[in-house]
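# Reading the structure
So the chains spell out like this:
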Amino acid sequence: MPRQRATVREVAAATGVSTATVSRVLNQQGSVAPETRLLVERAVEELGLRAPTPRGGTPKPVAGAVYVRCPYVLTDYFGLIVSSIAETLDRHGRQVVLNAGEAAAHEPVLSRLPSQSGLAGAILILPPESSDDLVRLGSRRFPFVVVDPRTSLPRDIPSVSAAHHSGARQLTAHLTALGHTRIGVIAGPREWLAADARLSGHHAALADAGILPNPELVRHDHPTTPDGYRAAQDLLALTPRPTALIAFNDKAAVGALQAATAQGLSVPHDLSIAGFDDLDLSRATTPPLTTVRQPLAEMGRMAVSLLTRLLDRHTLEALHVELATELVVRTSTAGAP
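Predicted model only: the values in this text are computed from it and were never measured.

## Observations regarding the pattern of salt bridges
This model, assessed by the stated rule, comprises 12 salt bridges. Among the salt bridges present, the one from arginine 136 reaches aspartate 133, with a minimum N-O distance of 2.4 Å. Within this pair, arginine 136 and its partner aspartate 133 are both found in helix 5 (residues 131–139), separated by 3 residues, close to a single helical turn. For arginine 136, a relative accessible area of 42% gives the class partly exposed. For aspartate 133, a relative accessible area of 27% gives the class partly exposed. Members of the salt-bridge network, linked through shared partners, are Asp278, Asp280, Arg283, Arg293, Glu326 and Arg330.

This is the structure we're talking about:
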């Protein structure tokens, strides 16, 4: 078990470098070879040496580029977030090192970030890594912010997300106000933080309407159009069938629309369908989708704001920021049949 505290001298002895080099690494100063920096940082992590608190005036902001990791295809959802981050960083005079695409999800990049030359910090979008991996990165004093965390994070890891619970609650309340009492939910994967928060919001709105949650009306699946289609088919096979379906996102809602058409159901006359995100896709369907707007561009801007404050060595008081969502009512929802 690692000790809680070690000295600079002990780290120097363990790595075979000078105490001056150890101090330069701890204070994030230049003129240290990347391999030496990585060696020292690993020793610091193993020995439990706490980084020094800067003294003697206001520290200078950290120079360098920002690593933006978005290990997904940059479609309209992720593309909007990444574009907002890049534009905001440009206004701050920061360069972007982009890591994107589905193949990037399998790259073990986090452990390399603190030793990568020229990087000041990182913004991680829906990171597939575990909370433990993110905690380890934070313990190495590498500044980063998480956008739309997949899993629950410790309080000291800054994050930005949409208000998933309240958005889902508004959406279900809209449907119950239309008379729907049997509402099917195409939820995201069980382990996703957003899926849990939205299901919680859905249940809260049901409780407000005096309706008991029914587990048979929930399907957990990935938020893609094919998965939305299969989940909707499954839900519509129930007896009695749901009078409304809520999908995890607009793409899954498109799959639900396709499943309704395949069964000869008219939307919204026979079945109401709603999505989440308010992508361009939601306005291009027939009928246009009722959905919940996520402030995707603002999430990107807020992430840069939090990271900039970290790089300027400011204390962050609001570490987990939730931005408001907005219900957008269109013609895919109507009164219960």
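## Some details on the packing of aromatic side chains
According to the stated counting rule, one finds 3 aromatic pairs in the structure shown. Between the aromatic rings of tyrosine 77 and phenylalanine 78, the centroid separation amounts to 4.9 Å while the plane-to-plane angle is 85 degrees, which identifies the pairing as edge-to-face. By the burial criterion, tyrosine 77 is buried, and phenylalanine 78 matches it. Residues tryptophan 192 and phenylalanine 248 carry aromatic rings whose centres are separated by 5.8 Å and whose planes lie at 65 degrees to one another, so their mutual orientation is edge-to-face. Of this pair, tryptophan 192 sits in the loop between strand 6 (183–187) and helix 7 (193–208) while phenylalanine 248 is found in the loop between strand 8 (244–247) and helix 9 (250–262), placing the two residues 56 residues apart along the sequence. Each of the two residues, tryptophan 192 as well as phenylalanine 248, counts as buried. Here a set of aromatic residues connected by ring pairs shows up, and it is made of Tyr72, Tyr77 and Phe78. The side chain of arginine 198 reaches across the aromatic face of phenylalanine 248, ending 4.1 Å from its centre. It is arginine 198 that lies over the ring of phenylalanine 276; its NZ or CZ is 3.7 Å from the centre.

## Structural notes on the sheet that holds strand 1 (residues 65–70)
In space, the 6 strands of this open sheet follow the order 2-1-3-4-5-11, with parallel pairing throughout. In this open sheet, the two edge strands, each paired with only one partner strand, are strand 2 (96–100) and strand 11 (320–323). Across the sheet, the mean angle separating the axes of adjacent strands is 15 degrees when strand polarity is ignored. With 4 bridges joining them, strand 3 (residues 119–125) and strand 4 (residues 144–147) adopt parallel strand pairing. By the bridge assignment for strand 4, alanine 122 is matched with phenylalanine 144. Helix 5 contacts strand 3 and strand 4 of the sheet and is inclined by roughly 155 degrees relative to strand 4.

## Topic: the pairing of strand 8
Residues of strand 8 alternate between two faces, with Ala244 and Ile246 on one and Leu245 and Ala247 on the opposite face, all of them buried. Both strand 6 and strand 8 contribute to a ladder of 4 bridges, which runs parallel. Paired with glycine 184 across the strands is leucine 245, a residue of strand 8. Direction of pairing for strand 8 relative to strand 9 (residues 272–274): parallel, over a ladder of 3 bridges. Bridging across to strand 9, leucine 245 finds its partner in isoleucine 273. For the segment spanning strand 8, helix 9 and strand 9, crossover handedness is right-handed.

## Let's talk about the nonpolar core
Judged by nonpolar contacts, the single largest core of 30 residues is most densely connected at Ile81, Ile85, Ile123, Ile125 and Met299. A total of 7 residues in this core trace back to one element, the largest contributor, which is helix 11 (residues 296–311). With sequence-adjacent residues up to four places away left out, isoleucine 85 is seen in contact with Val68, Ile123, Ile125, Gly300 and Val304. Counting 20 residues, the second-largest nonpolar core is a separate cluster that includes Leu245, Leu271, Ile273 and Leu289.

What counts, and at which threshold
Residues numbered from 1 in each chain as written. Predicted model: local features only at pLDDT ≥ 70, side-chain atom pairs only at ≥ 80, totals over all residues. Heavy atoms only, no water. Salt bridge = Lys/Arg side-chain N within 4 Å of Asp/Glu carboxyl O. Helix = DSSP H or I, 4+ residues; strand = E, 2+ residues; numbered from the N terminus. Buried < 20%, exposed > 50% of the residue type's maximum accessible area, 1.4 Å probe, protein only. Phe/Tyr/Trp six-rings, centres within 6.5 Å; stacked < 30°, edge-to-face > 60°. Lys NZ or Arg CZ within 6 Å of the ring centre and 35° of its normal. Pairing = 2+ DSSP bridges. Axes fitted to C-alpha atoms, helices over the stretch in contact; angles between N-to-C directions. Contact = heavy atoms within 4.5 Å. Right-handed = clockwise from strand over helix to strand, strands pointing away. Core = buried A, V, L, I, M, F, W, Y, C linked by side-chain atoms within 4.5 Å.

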